[in-house]
Amino acid sequence: MRTMNGFLKRIRFSFILLILVLAACQSDAGSNAADSVSLAGVDDGTIAYEELVVGYSQIGAESEWRTGNTTSIKEAAESLGVELIFSDGQQKQENQIRAIRTFIAQQVDVIGVSPVVETGWDSVFQEAKDAGIPVILVDRRADVAEDLYASYLGSDFVEEGRNAAKVMVDLLGGEGNLVELVGTVGSAPAIDRYAGFREVLQDYPGMKIIASETGDFTRAKGEEVMGDFLRLYGDEIDAVYSHNDDMAIGAIRAIEAYGLKPGEDIKIVSIDAIRDAFQAMIDGKLNATIECNPLLGPQFFELALKVVNGESVPKWIPSEEKIYFPEDAAEILPSRRY
Ligand code: GZL
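Read on for a plain summary of the structure. (Residues numbered from 1 in each chain as written. Predicted model: local features only at pLDDT ≥ 70, side-chain atom pairs only at ≥ 80, totals over all residues. Heavy atoms only, no water.)

## Some thoughts on the sheet that holds strand β9 (residues 267–272)
Pairing in this open sheet of six strands is mixed, and the strands run β7-β6-β8-β9-β10-β12 from one edge to the other. Strand pairing shows two members of the sheet lacking a second neighbour, β7 (207–214) and β12 (323–324), which therefore form its edges. Sheet topology note: the strand β6 (residues 176–182)/β7 ladder contains seven bridges and is parallel. Paired with L178 across the two strands is I209, which belongs to β7. (Pairing = 2+ DSSP bridges. Helix = DSSP H or I, 4+ residues; strand = E, 2+ residues; numbered from the N terminus.)

Put into C-alpha cells, the structure is as follows:
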C-alpha cells in the first residue's frame, strides 16, 4: 500500500530506473556485469527502501531513552530514503490509536508502534490487518494475538529485572530494605522488570521491598516518589531499584535534598544505560545501570522492508544488552550515543 507520495515516489523510481537501464544497454557489449543496473525490486514485485512508506506511532518523549530511540528511527529513515510518517503519542494510548487509524487511511506500507501499555490494541490492530497493513511492535510488546502483528523488536525486560536484582544482591550482601520506582503502569517494561526482579529476590528473604510506586519513567515523578519514600522510611532505606535511569536521577536529587549520599548511604541500581547514568556513576551517585538499547532504527527498517516484501521474519528479535558499573563509566561515556 502506498500514499500518494509513495505512489509518486514509485513512478519516479521506475522512470529513473528505465533511464539507467537504457543507458546501460547503450554501453559497449564488454561492459562489466557490475556496471549493469540492479533491477532488484522491479521484476519480482519486491520494493526497495526508497519506495517504502512507514507510519510510526511513538509513545512520547518521557525519557532520554525515548528521545534516543526517536532519533535512531528518524536518522535511519533519512539515511535509507524511507518515507516516514512519525507521530508522537504524548504518552497517551488514545493518541497512538488515532495515529494508527490515520496511517491506515493513508494506506502506508507498514506500521511501527511502541505501545505505551500492553492492553487495548486488539481492535485497531485488527483494522490494520483488515486493511492489509502489517504491524511491527518496536521496543514494547502488546498483549494481542500473534496474528495481529508481524514481529516484535525489543528487549527482554524480565531478564533486565533479573540482572538488576543480581547486582542488588551483590551490592547489599543479600540483606537490606529496598524501595522500587516502577515504570509506566501497565507497560511491558514495568510489568516485566517488576517480575524479573522478584524472581531473583525470592531466593533472598533478607532482601525486603518495603515500598513500590510508579514514577512513570520520568525524572520529575521519580524525584517526587523518592521524596515520599524518604519521608516515610528515611534512613531505613538501604537501596533503590529504579525501572529506568531517568527516575533514578530524580531519586538522586531527592536523596541529596534529604541530606543522604546517593550511591553510598542509599545504593541505586537502574535500567537503560543513558549518558546521564554514566555521569552519575562517575560522580559516585549510581551503582549500576542495566543496558536497554533504544538504537533500534536500522533494525526496524530492515525488518519492515522484509515484512512488506513478504519475507518470513522471527516473531521476536531480542536486543543485545550489557550491564555497566562505575569503574568503567569514564572510559565508556564518550562512546555512548543516547
Ligand atoms: C524500554 C522503554 C522504556 C525505557 C524508559 O524499552 O520502553 O521506556 O526503559 C522509556 O526510559 O521511557
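Back to the text.
## Remarks on the side chain of T70
With respect to the helices and strands, the residue T70 is situated in helix α2 (residues 64–80). Overall, the relative accessible area of 13% leaves T70 in the buried class. Reaching out from T70, the side chain makes a polar contact with the side chain of Q58 at a distance of 3.0 Å. What T70 contacts, discounting residues up to four positions off in sequence, is Q58, G60 and F86. (Buried < 20%, exposed > 50% of the residue type's maximum accessible area, 1.4 Å probe, protein only. Polar contact = N/O pair within 3.5 Å; in protein donor to acceptor, adjacent residues only side chain to side chain. Contact = heavy atoms within 4.5 Å.)

## Quick look at the sheet that holds strand β11 (residues 316–318)
Overall, parallel pairing links the six strands, which are arranged β2-β1-β3-β4-β5-β11 in an open sheet. Here the strands that pair on one side only, and so sit at the sheet edges, are β2 (83–88) and β11. Averaged over all adjacent pairs, the angle separating strand axes in this sheet is 20°, with direction ignored. Two strands pair when backbone bridges link them, and strand β1 (residues 53–58) and β2 are joined in this way by six bridges, in the parallel orientation. By the bridge assignment, V53 is partnered in β2 with E83. Strands β1, β2, β3 (110–113), β4 (135–138), β5 (151–154) and β11 of the sheet are contacted by helix α10 (residues 297–308), whose axis makes an angle of about 160° with β4. (Axes fitted to C-alpha atoms, helices over the stretch in contact; angles between N-to-C directions.)

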